[in-house]
Amino acid sequence: MRQTISLIITLSLFWLMNSGMYKPLILGLGVVSVFFVVFMVRRMDVLDFESQPMELLPRLPRYYAWLIKEIVVSNFKVVKHILVGNKSIAPAISLVHSDLKTDMGEVILANSITLTPGTVAVELEDGDITVHALHGADLEGLQSGEMSRRVAQVERT
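My aim in this report is to walk through the structure given alongside it, one point at a time. (Residues numbered from 1 in each chain as written. Predicted model: local features only at pLDDT ≥ 70, side-chain atom pairs only at ≥ 80, totals over all residues. Heavy atoms only, no water.)

A short note on the pairing of strand E2 (residues 119-125)
Within a regular strand, the side chains alternate between the two sheet faces. Counted only if it meets this: Paired strands, as defined in this entry, are two strands with at least two bridges between them according to DSSP. Under the DSSP-based scheme used, a helix requires at least four consecutive residues in state H or I and a strand at least two consecutive residues in state E, with every element numbered from the N terminus.
Looking at chain direction, E2 and strand E3 (residues 128-133) are connected through six bridges and run antiparallel. Along E3, the bridge assignment pairs Glu 125 with Asp 128. Here E2 folds back onto E3, and the loop between the two strands holds two residues, one of which, Asp 126, carries a positive phi near 50°.

What follows is the structure in structure tokens.
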């Protein structure tokens, strides 16, 4: 039931943010749309922890703050590589191992790696993430396990 209520709230807020119109007809269509989607999702029986991970919500803001800081720092590194030119770029590919317990944790880690400029998660298989980086030093930071440790704090069950 908690997932259903969370889905209704999420869809309603998403509808309101995207429509930006508060006329009765538009609001009525929004309500009908939200309840139709919730009906279909419940009928298909796909509403579970993975589709609505509400248990992660209290721990996400702290992780997002750290990730935004990492994204900003990485942006400056990429800009430096661009300004210096090709001689500062040394592409590298490496395997980053994670000891995360859930598939969701592994996906959060892989997406966080890709969000960080200069690195791209190429493949995720059995807890091992193949990562391409503009510079090998960026891979050393990932292999230290700081990002993986922070994701583990978010996913803890």
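Some thoughts on the side chain of Thr 130
This is how it is decided: When accessible area is computed with a 1.4 Å probe and restricted to protein chains, residues below 20% of their type maximum are described as buried, those above 50% as exposed, and intermediate ones as partly exposed. Between two residues, a contact is recorded if the distance between any of their heavy atoms is within 4.5 Å.
By the secondary structure assignment, Thr 130 is in strand E3. Look at Thr 130 and you get buried, because its relative accessible area is 18%. In this view, Thr 130 contacts Ile 93, Ser 94, Leu 95, Val 120, Ala 121, Val 122 and Glu 123; residues no more than four positions away in its chain are not counted.

As for the packing of helix H3 (residues 60-84) against helix H4 (residues 103-115)
Definition in use: Axis definition: a line fit to C-alpha positions, over the contact stretch in the case of helices; interaxial angles, taken between N-to-C directions, run 0 to 180 degrees. By the definition adopted for this analysis, an angle is roughly parallel if under 35 degrees, roughly antiparallel if over 145, roughly perpendicular if from 65 to 115, and oblique otherwise. Lys, Arg, Asp and Glu make up the charged group, whereas Ala, Val, Leu, Ile, Met, Phe, Trp, Tyr, Cys and Pro make up the nonpolar group; the residues left over, Gly among them, are polar.
Interaxial distance between H3 and H4 falls to 10 Å at its minimum, and their mutual angle equals 30°. Between H3 and H4, the crossing angle belongs to the class labelled roughly parallel. Residue-level contacts link Tyr 63, Leu 67 and Ile 71 of H3 to Ile 108, Ser 112 and Leu 115 of H4. For the contact of H3 with H4, a count of residues per class yields five nonpolar, one polar and no charged.

Focus on helix H5 (residues 136-143)
Rules: As used here, the arc is the angular range of directions from the helix axis to the C-beta atoms.
Along H5, the residues that are buried comprise Asp 138, Leu 139 and Leu 142. Along the axis of H5, the buried positions cluster into a sector of 100°, meaning they face one direction only. Lining the buried residues of H5 we find H3, strand E1 (92-97), H4, E2, E3 and helix H6 (146-155). Gly 145 sits one or two positions beyond H5 and adopts a positive phi of about 90°.

Considering the nonpolar core
What counts is decided by this rule: Buried Ala, Val, Leu, Ile, Met, Phe, Trp, Tyr and Cys residues form a nonpolar core when they are joined through side-chain atoms within 4.5 Å.
The biggest cluster of nonpolar side chains holds 21 residues, and the ones touching the most others in it are Tyr 63, Leu 109, Ile 113, Val 131, Leu 142 and Met 147. Those elements giving two or more residues to this core turn out to be H3, E1, H4, E3, H5 and H6. If one sorts the elements of this core by residue count, H4 sits on top with five residues. If you look at the next biggest cluster of nonpolar residues, it comprises five residues, including Leu 7, Val 34, Val 41 and Leu 47.

Side note on helix H2 (residues 24-44)
Filter applied, for reference: Working rule for helices: expected span equals 1.5 Å times residues minus one.
If you check H2, its first and last C-alpha atoms are 30 Å apart, about what 21 residues at 1.5 Å a residue would give, namely 30 Å. Of all the residues in H2, the buried ones are Gly 30, Val 34, Val 38 and Val 41. Projected down its long axis, H2 shows its buried positions confined to an angular sector of 65°, all on one face. Exposed residues on H2 whose side chains face more than 90 degrees from its buried face are Pro 24, Leu 25, Val 32, Phe 36, Arg 43 and Met 44. Contacts from the buried residues of H2 go to helix H1 (2-19). Following H2 by one or two positions, Asp 45 has its phi on the positive side, about 60°.

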